[in-house]
Structures are given as C-alpha cells and as structure tokens.
Amino acid sequence: MRRPRGTRPRAPRPTEGATCAGPGESWSPSPNSMLRVLLSAQTSPARLSGLLLIPPVQPCCLGLSKWADRPLGGGPSAGPVQGLQRLLEQAKSPGELLRWLGQNPTKVRVHHYSVALRRLGQLLGSRPRPPPVEQATLQDLSQLIIRNCPSFDIHTIHVCLHLAVLLGFPSDGPLVCALEQERRLRLPPKPPPPLQPLLRGGQGLEAALSCPRFLRYPRQHLISSLAEARPEELTPHVMVLLAQHLARHRLREPQLLEAIAHFLVVQETQLSSKVVQKLVLPFGRLNYLPLEQQFMPCLERILAREAGVAPLATVNILMSLCQLRCLPFRALHFVFSPGFINYISGTPHALIVRRYLSLLDTAVELELPGYRGPRLPRRQQVPIFPQPLITDRARCKYSHKDIVAEGLRQLLGEEKYRQDLTVPPGYCTDFLLCVGSSGAVLPVRTQDPFLPYPPRSCLQGQAASSPTTRDPAQRVVLVLRERWHFCRDGRVLLGSRALRERHLGLMGYQLLPLPFEELESQRGLPQLKSYLRQKLQALGLRWGPEGG
C-alpha cells in the first residue's frame, strides 16, 4: 500500500528482546532503560521497598517559585514537564510508568527518575520477584551511567547509588566507584585551616586580611580573634583592611570596633584624613558609637587640622558622624563656608560632595536646632538619594517589594498608593499612602503626596508621638526592612537606613515598618494580604466603600 505524499515512514516498533544490545554492539538506550532493568532484575520485595528511602524530590528541582504556580524560568516546556510528573505520581502499574516515560522522551528531566523510582517502589513493594535480567544489560547500564554521571546533579547521583546497591553491583566495582567519586566532588569545600600562624604580628595579619578567600568568606570568629591583638602593634594599612572588612560584610563586632577607635586615638598625629575616613566608615555604616571617650575629641582635632587639605575625606568623615548623630559644629562651619563650597565646585567630585553637603544640611535642619552657623545655599542643594540605593537595586530579585506592591494593589487599588516616590529633600520611599483626617486612604492623584520641607514646627516629631492619623496632611510610608538593611546579627539597622527613617519621621511622615522576619513568614499572596490588612488597620486606616 502506498503511503500519502509528504509523510515519513513510521519507525518499526522494537521487539521485546531488542531493548539492549550485546557487549560488543553499539547501544543507545531510551530514557527508561534504567527502569526496564529494575523491572527485570532479581530483586526481592524488601529491596524494592527500599526505594521508598530515596529522599523526596525537592521543590527546587521542580522549578516552583515562592509566590506563584509558575515555574522559575517560565519556559514553554515547564508545563508539560510538571504534567509528566503528575502522571508518574498517579501511575497504577509499572507498565504505565514505563509508557509515560517512553512516549515522552523530550519531556523527561532528571527529577522524573526520582519520582518514577519512588512510585515504582510503592507499586512493587509487595509483588513477587521479577524475572532475571541479562548480564549484558547490566554491563551496558553500568557503562551508560559511568559515561554520563559527570553531568548528574547530586540528587541523581544518590538515586543511582541506591539503585546500584539494589541491583547487586559490587561496592568496589567500576559503577559504584565512579558514582562515589562524583559524589565526593560535589561535597562543599572544607573550610580553610585556622590561620593561627598568621595571627602573630602586623605583617601576618596583613597577609591574612589581603587573602582573596578571607575577603570573600567573612569569618566572624576570626575577626574576634584578630581584635585581641594590641592596636599599637598594627600598621594603619592593616587597621584599614579590618575596618573595610567589617563595613563590607556588615559585621558589628564591638571588640574590634573598639580596637579601631583606640588605634585612631593613639595614632592621631600620624594619621591623615584620607586614612581616618576609612577607619571611621564602619562606625557610621554599622550604627555603632564607640565607648572610647576620646573618639569624638580626636576626630574634631583631625578635622580642624585636615579639613582644608582633603575636602572629600572631610565630607566622608562628617557623613559617618551624621549617621551617629555626632556632628561637630566647628566642622560644619567650615564645610558650609563660601570658600569651601567654591573650592569643591571646580573639583571632579563636586556632585558627590554637593549631595553629601545636602544631606548634612538636612541633618542640621532636622536634628540640630541649636546650630546658628552658615548653611548650604539653596541653589547648591541637590536631591540626596533620588532613587533606591545600590544595594537594593543589586538585590532586587531577593526583595519583597514586588509581592508587597501586588498585595497593596489587590487590597487598596493602584490609585491609593505610590511606589518608589522621592520626597523632598530627596529620600526615596518604598510605598506612600495619603490619609485623610478620618483615617480613610485617599487616591494619591487627588492629593499632594509631599509634606512641606522644611517642615512646619507643629509637625516636627509628630510621627513619633501620634499613634493615629488625625492630621489631614498625614502621609504614611510603608518601610521595607529587608535582611540586608541590618547588620549581620539582624538586630541593628545600618546607619544609612536608620538615618533615612529618622529624617522621614522628623519631616512628619508616619512610618510603618515591615520587617523581613514577618514578610518571610507569609506563605503566599493571601497570607501577605491578611498581614498588610492587619498592619494598616492597626493604624486606624480604612479603605474600600466604607473608607471612601
């Protein structure tokens, strides 16, 4: 019979005995060869039931995201792949398992073997012993696994090791040895040996801190042991490396920070402002004011001596002190003087210095009512932080901002909140709500979302003292407190975050913090919406038909 034009001849169906070739023949088994061997192996019901000991497939293998049913990656084949898994889990017989795997070779993934093996163990655990298996088939299977095991993930390697034991492969044979070798290669690297010999003397400490591995993997207990060395025995370069390491990894180590402060006091006359700015950096970033009594007097003397020599270093030191709420009036007089401002205007770093001076001017306006010196002229002021900080942009895929935005959209509606709005004098807010005198959440487009800056005296401090929203001009800011907004211990906000929240509160905005511990405990969007509803209702806010 002639076949229609344009159709391909159908491949002949393999016979039952043509599954595997002999040892001397070329053989390319189908994805279900492993299961065919298992079905035909001389395996006791006890060994088959041992398949149930294989660890269940982890969610990361299935590609499910945290907040939705859509697999990570979103590829077109994600749906069929998950559909095949459900078919395997619901299979009624070993033959049905093999049929699903054999008819869908393009949809078979690594984790499908684990699903099929577990289901097979459930189906065959109480069945009689299967017929014997040909030795050539076992040899071909062994060679196949040995050849491809370098591309296996650790879960597949564990499954194959367990299967090899069930099939009776010798523990010293080539298959088990190859799988064991691949398993050892995937073990996490052992921690480096203690650097005890390097902890003797300044040069040894410098070598340890300059090691790329040490910089890449922060070791908090090692930092503590380094702090026990006497600061007088260390060089400024070593102390700068220590300070940078603490700031980079958000390690709030009081013992080491006190050692840096003491070193700064002891070596005051030997340090330039360019070195001092690096030593002071972790104190502001980690929101830590040292107990060393001479710390602030020492910095004031250094600023008075070095302010005209290194303008950028001077402003950097003041930025760290601003986060600690310890701004010296004398240094402010100098950086706000017309001579200093004119001098920095012609330098390459003029923009960043003007941004820092704008932040210092905001701190003077909000936190230093007793200051009577010069201020930054209005024409020189620039927005402080007109967009989310670099750390937030770098970690956006780990942030809760998108899911919180979706929760607010479903809870309030898009017209009743603003996301990433920059308010004067230049702070970027996560989410801002406009609230009427009755507590009703109002559409943002019908209101001025900004409170006046400089703030009126009647509004100063109101956010910290008023538990309800009675002011018609009240604005509520939902503040995300992500894990990286804190020091590594997770209890103290970083200096820049604490400064931002402090200033927003002093300008009259009511803050509603959303800590990462509470956000991470919400499983799915429904729970998150319930959490946000409770938070907003605790402030007396109303929305919907009853809220206007």
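Residues numbered from 1 in each chain as written. Predicted model: local features only at pLDDT ≥ 70, side-chain atom pairs only at ≥ 80, totals over all residues. Heavy atoms only, no water.

*Asks:* Please explain the nonpolar core as it appears in this structure.
*Replies:* Nonpolar side chains in soluble globular proteins tend to be buried together. Counting residues in hydrophobic clusters, the biggest one holds 71 residues, and the most contacted among them are Leu264, Leu279, Leu327, Phe336 and Leu357. With 8 residues, helix H14 (residues 254–266) is the largest single contributor of residues to this core. Among the nonpolar cores identified, the runner-up in size contains 25 residues, and Ile403, Phe431, Leu480 and Leu525 belong to it. (Core = buried A, V, L, I, M, F, W, Y, C linked by side-chain atoms within 4.5 Å. Buried < 20%, exposed > 50% of the residue type's maximum accessible area, 1.4 Å probe, protein only. Helix = DSSP H or I, 4+ residues; strand = E, 2+ residues; numbered from the N terminus.)

*Asks:* Can you help me understand the pattern of salt bridges in this one?
*Replies:* As a working rule, side chains carrying opposite charge can pair if their charged atoms are close by. Applying the stated criterion across every chain, the model contains 15 salt bridges. As a salt-bridge pair, Arg502 and Glu367 come within 2.4 Å of each other at their nearest N and O atoms. Residue Arg502 is located in helix H24 (residues 495–506), and its partner Glu367 is located in helix H20 (residues 350–367); the two are separated by 135 residues in the primary sequence. (Salt bridge = Lys/Arg side-chain N within 4 Å of Asp/Glu carboxyl O.)

*Asks:* Would you explain the side chain of Lys401 in this entry?
*Replies:* Tracing the sequence through the fold places Lys401 in helix H22 (residues 401–411). Note on Lys401: relative accessible area 17%, which makes it buried.

*Asks:* Would you take a moment to explain helix H16 (residues 295–306) for this structure?
*Replies:* One full turn of an α-helix is made of 3.6 residues, so residues set three or four places apart face in the same direction. Here H16 spans 16 Å end to end across 12 residues, near enough to the 16 Å set by a 1.5 Å rise per residue. For H16, the elements touching its buried residues are H14, helix H15 (273–285), helix H17 (311–323) and helix H18 (329–335). (Expected span 1.5 Å × (residues − 1). Contact = heavy atoms within 4.5 Å.)

*Asks:* Mind showing me how you'd approach the pairing of strand E2 (residues 427–435) here?
*Replies:* Counting buried residues in E2 gives 9 out of 9 residues, a clear majority hidden from the surface. Looking at chain direction, strand E1 (residues 418–423) and E2 are connected through 5 bridges and run antiparallel. Of the residues in E2, the one forming a bridge with Leu421 is Thr429. Counting the residues between successive antiparallel strands, the hairpin from E1 to E2 contains 3 residues, one of them, Gly426, with a positive phi of roughly 135°. As paired strands, E2 and strand E4 (residues 475–481) are joined by 4 bridges and run antiparallel to one another. (Pairing = 2+ DSSP bridges.)

*Asks:* Help me understand the packing of H16 against H17 in this model?
*Replies:* For any two helices packed against each other, the geometry is given by the interaxial angle and the distance between the axes. Following both chains from N to C, one finds H16 and H17 inclined at 155°, their axes separated by 11 Å at the closest point. Accordingly, the angle class assigned to the pair H16 and H17 is roughly antiparallel. Handedness of the crossing formed by H16 with H17: left-handed. Contacts from Met296, Leu299, Leu303 and Glu306 in H16 reach Thr314, Ile317, Leu318 and Leu321 in H17. In terms of residue class, the contact of H16 with H17 is made up of 6 nonpolar, 1 polar and 1 charged. (Axes fitted to C-alpha atoms, helices over the stretch in contact; angles between N-to-C directions. Parallel < 35°, antiparallel > 145°, perpendicular 65-115°, else oblique. Left-handed = near helix turned anticlockwise from the far one by under 90°. Nonpolar A, V, L, I, M, F, W, Y, C, P; charged D, E, K, R; others polar.)

*Asks:* Would you mind going over unusual backbone geometry with me for this structure?
*Replies:* Trans is the prevailing form of peptide bonds, just as negative phi is the prevailing case for residues other than glycine. Looking along the chain, the bond that leaves Pro424 and enters Pro425 is cis, with omega of 10°. Phi at Arg250 takes a positive value of approximately 55°, unusual for a residue other than glycine. Structurally, Arg250 is set in the loop between helix H13 (236–249) and H14. Despite not being glycine, Arg325 shows a phi value in the positive range, around 60°. Tracing the backbone through its elements, the reader meets Arg325 in the loop between H17 and H18.

*Asks:* Looking at this model, I keep getting lost on the pairing of E4. Mind explaining?
*Replies:* Put simply, side chains in a regular strand alternate between the two faces of the sheet. Summarising burial for E4: 6 of the 7 residues are buried, a large majority. Both E4 and strand E5 (residues 510–515) contribute to a ladder of 6 bridges, which runs parallel. Bridge pairing links Leu480 to Leu514 in E5. With H24 bridging E4 and its parallel neighbour E5, the resulting β-α-β unit is right-handed. (Right-handed = clockwise from strand over helix to strand, strands pointing away.)

*Asks:* When you look at H15 in this model, what are you seeing that I'm missing?
*Replies:* Across its 13 residues, H15 extends 18 Å between first and last C-alpha, which sits within 8% of the 18 Å expected from 1.5 Å per residue. At Leu279, H15 is deflected by roughly 30°, the largest bend along its length, and proline Pro282 occurs up to four residues later in sequence. All of the buried residues in H15 are Ser273, Val276, Gln277, Leu279, Val280, Pro282, Phe283 and Gly284. Taken together, the buried residues of H15 touch H13, H14, H16, H17 and H24. Looking one or two residues past H15, Asn287 carries a phi angle of roughly 55°, positive in sign. (Bend = angle between axes of the 7 residues up to and from the residue.)

These figures capture arrangement, not role.
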